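# Descriptive analysis of the structure
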Amino acid sequence: MKMRRMGAVVLAGGFLMTAAVSALAASGTSALPPPDPTARNLTPYMIQLRAFDACLITQSQLMGTTREAVHTPCSCYAKGTVSAMTKDEIQAFRETGYFNDSARAKGYAFIDRCRLRRPS
């Protein structure tokens, strides 16, 4: 039962992250979603899980394929992006629930490096 709840929390976080990634990629900082209070106490690993879940959803849609097909590239993206983030970028994510400008630039670099498609 506890695992189901944890899975639901991670999945919900992924959906929130997907919305944030879509909004950020499309419009920059002008149309940011409201801060996500659930991100306040996330560890870097939990942020990585959110980025991974969001990547699976977004990239499977962009590429017209299954989530399983983008599992490895999304793992590359999530691990690389969060590992490259500074303490300030991690803290900014905790305060807002999405990547700030410098972390987003790192994310785009890992999208390219991991052979994923950039959202339009």
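This text goes with the structure placed above it.
Values in this document were obtained by computation on a predicted structure and should not be read as measured data. (Residues numbered from 1 in each chain as written. Predicted model: local features only at pLDDT ≥ 70, side-chain atom pairs only at ≥ 80, totals over all residues. Heavy atoms only, no water.)

Tallied over the entire structure, the rule returns 1 aromatic pair. Here the aromatic rings of F93 and F99 are separated by 5.6 Å at their centres, their planes lie at 50 degrees, and the arrangement is tilted. With a relative accessible area of 5%, F99 lands in the buried category. When the ring centre of F110 is taken as origin, the NZ or CZ atom of R113, which lies over that ring, is 4.4 Å away. (Phe/Tyr/Trp six-rings, centres within 6.5 Å; stacked < 30°, edge-to-face > 60°. Buried < 20%, exposed > 50% of the residue type's maximum accessible area, 1.4 Å probe, protein only. Lys NZ or Arg CZ within 6 Å of the ring centre and 35° of its normal.)

Right, let's get into the state of the cysteines. Under the counting rule described, the total for this entry stands at 2 disulfides. Between the sulfur atoms of C55 and its disulfide partner C74 the distance amounts to 2.1 Å. In this structure the cystine formed by C55 and C74 twists about its S-S bond by roughly -75 degrees; its chirality is therefore left-handed. Of this pair, C55 sits in helix α2 (residues 44-63) while C74 sits in helix α3 (residues 71-84), and the two are 19 residues apart along the sequence. As far as the burial class goes, C55 and C74 line up, both buried. Disulfide pairing is shown between C76 and C114; the S-S distance is 1.9 Å. Sign of the S-S torsion, about -70 degrees for the bond between C76 and C114, identifies this disulfide as left-handed. (Disulfide = S-S within 2.5 Å. Helix = DSSP H or I, 4+ residues; strand = E, 2+ residues; numbered from the N terminus.)

With that out of the way, let us pick up the nonpolar core. Ranked by internal contacts, the top residues of the largest apolar core, which has 22 residues, are I47, C74, Y77, M85, F93, F99 and L116. Secondary-structure elements contributing two or more residues to this core are α2, α3, α4 (87-96) and α5 (101-113). The leading source of residues in this core is α2, at 5 residues. Sequence-distant contacts of L116, defined by excluding residues within four places in its chain, comprise C55, Q59, M63, P73, C74, Y77 and I111. (Core = buried A, V, L, I, M, F, W, Y, C linked by side-chain atoms within 4.5 Å. Contact = heavy atoms within 4.5 Å.)

These figures come from the coordinates and say nothing about function on their own.
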